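Residues per chain are reported as follows:
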Amino acid sequence: MASLERRVAIGAAQAAGRLLRSELHGSRRIAYKGTPTNLVTEMDARAEELIVGRLGDAFPEDGVLAEERGAAAGRSGRRWIIDPLDGTTNYAHGVPIFAVSVALEAAGRVDLGVVFDPNLDELYVAERGCGTTLNDRRLAVSSTATLDASLLATGFPYDIRETADNNLREYAAFSVRARAVRRMGSAVLYLAWLAAGRLDGYWELRLGPWDVAAGSLMITEAGGQVTDLAGDALDLDAPAVVASNGRIHAALLAVLKEIRG
Ligand code: IPD
Ligand code: CA
Ligand code: CA
């Protein structure tokens, strides 16, 4: 990966993250995207504008898929996949658990992932074939070998009130089989924390490409595993995700199979 892409992506993610952090305690204009639990604030759009502006200036031929504005085709065959604010519900409530995610996909494959957590000042960078770093320190997934000793995380879909396929049965099953299951409201941070060995496993039923593009590369580059719910390759366009340190992956899939059939 040419260092220009890496530098611009890092600069954009950090600038957006710092903007979000500086405005965290301001008053928010909250709107709803489709369901009463799917929030968006004016800061999602401001952070996205900043990131898309910087990437567009540096790489005008590239396409963009950004959560709030959608897709814009490019001529280069590459596209940037952006979640300008992952953890909007936390953000809207002043909870300092959120992150910015920027990924570069080329020929259908993510080659670069950048995640910035402005609250802990943590910068995660993954490059295909070159590993994952946290503030320049090389990361490796945990070595936890059993589900019983694992710390897991999950999240719930925004249509949780409208569908029975809402992850509550899966959550109950893992809660009595793992050491604990956390629910902190940022898919991007779960994936980064898994790459850092802080979490052992993570699953979620319905996500967007921007939630997983950068983080899934972080996990595989840190020695972990990312699949769909059946253990097959992740579908980046409509991700259902099981991510782990690799050692507990089969156990996670087995519980999901038992519960979901
Ligand atoms: C959401 C968060 C949440 C997850 C949702 C995501 P957003 O992203 O990552 O943890 O459970 O599925 O959509 O809307 O805050 O960018
Ligand atoms: Ca998100
Ligand atoms: Ca978002």
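As a reminder, the structure under discussion sits directly above these lines.
Residues numbered from 1 in each chain as written. Chains lettered and ligands numbered in written order. Predicted model: local features only at pLDDT ≥ 70, side-chain atom pairs only at ≥ 80, totals over all residues. Heavy atoms only, no water.

S.K.: What is the right way to look at the coordination of the calcium ion (ligand 2) in this model?
M.R.: Think of it this way: four donors in a tetrahedron around the metal ideally sit 109.5 degrees apart, and six in an octahedron ideally sit 90 or 180 degrees apart. Surrounding the calcium ion (ligand 2) are the protein donor atoms Asp83 (OD), Asp86 (OD) and Asp211 (OD), which sit 2.1 to 2.2 Å from the metal. Each donor residue of the calcium ion (ligand 2) belongs to the same chain, with the gaps between them written as D-x2-D-x124-D. A separation of 3.7 Å is found between the calcium ion (ligand 2) and the calcium ion (ligand 3), both of which receive a donor from aspartate 83. Highlighted residues: aspartate 86 in strand S5 (residues 78–86) and aspartate 211 in helix H6 (residues 209–221), separated in sequence by 125 residues. We classify aspartate 211 as buried; its relative accessible area is 11%. (Donors = N, O, S within 2.8 Å, 3.2 Å for Na, K, Ca; no water. Helix = DSSP H or I, 4+ residues; strand = E, 2+ residues; numbered from the N terminus. Buried < 20%, exposed > 50% of the residue type's maximum accessible area, 1.4 Å probe, protein only.)

S.K.: Got a minute to help me understand the coordination of the calcium ion (ligand 3) in this structure?
M.R.: Around the calcium ion (ligand 3), the donor atoms from the protein are Glu67 (OE), Asp83 (OD) and Leu85 (O), and they sit 2.2 to 2.4 Å away. Mapped onto the sequence, the donors of the calcium ion (ligand 3) take the spacing E-x15-D-x1-L. The class for leucine 85 is buried, based on a relative accessible area of 1%.

S.K.: I would appreciate a short explanation of the site of ligand 1 in the present structure.
M.R.: Every one of the 15 residues lining ligand 1 counts as a neighbour, but Asp86, Gly87, Tyr158, Ala187 and Glu204 are closest to it. One of the side-chain N or O atoms of aspartate 83 is found 3.3 Å from an oxygen atom in ligand 1. Within the backbone of serine 186, one N or O atom sits 3.1 Å away from an oxygen atom of ligand 1. Protein coverage of the free-state accessible area of ligand 1, which is 380 Å², stands at 95%. If one sorts the elements of the shell around ligand 1 by residue count, S5 sits on top with three residues. Its residues assigned to classes, the shell around ligand 1 shows five nonpolar, five polar and five charged. (Near = heavy atom within 4 Å. Polar contact = N/O pair within 3.5 Å; in protein donor to acceptor, adjacent residues only side chain to side chain. Areas by Shrake-Rupley, 256 points an atom, 1.4 Å probe, with all protein chains shown as cover. Nonpolar A, V, L, I, M, F, W, Y, C, P; charged D, E, K, R; others polar.)

S.K.: Help me understand H6, please; the structure alone is not making it clear to me.
M.R.: Since one α-helical turn is 3.6 residues long, residues separated by three or four positions face the same way. End to end, H6 covers 18 Å across 13 residues, agreeing with the expected 18 Å (1.5 Å per residue, within 8%). Glycine 215 marks where H6 bends most, by close to 25°. A large share of H6 lies buried, amounting to 12 of its 13 residues. Within the span of H6, buried status applies to Pro209, Trp210, Asp211, Val212, Ala213, Ala214, Gly215, Ser216, Leu217, Met218, Ile219 and Glu221. (Expected span 1.5 Å × (residues − 1). Bend = angle between axes of the 7 residues up to and from the residue.)

S.K.: What's the story with the pairing of strand S3 (residues 63–66) in this structure? I'm lost.
M.R.: Here S3 shows two buried faces, one formed by Gly63 and Leu65 and the other by Val64 and Ala66. In terms of strand pairing, S3 meets S5 through four bridges, oriented parallel. Following the sheet pairing, leucine 65 is matched in S5 by isoleucine 81. Both S3 and strand S4 (residues 70–72) contribute to a ladder of three bridges, which runs antiparallel. Residue pairing for S4: leucine 65 is matched across the bridge by alanine 71. Linkage of S3 to S4, two consecutive antiparallel strands, is achieved through a turn of three residues. (Pairing = 2+ DSSP bridges.)

S.K.: Sorry if this is basic, but what is going on with unusual backbone geometry here?
M.R.: Glycine aside, negative phi is the norm for most residues, and most peptide bonds take the trans geometry. Positioned with a positive phi, asparagine 135 is a non-glycine residue whose angle comes to about 45°. In this structure, asparagine 135 sits in the loop between strand S9 (131–134) and strand S10 (137–138). The phi dihedral of aspartate 136 falls on the positive side, at around 75°, and the residue is not glycine. Structurally, the position occupied by aspartate 136 is in the loop between S9 and S10.

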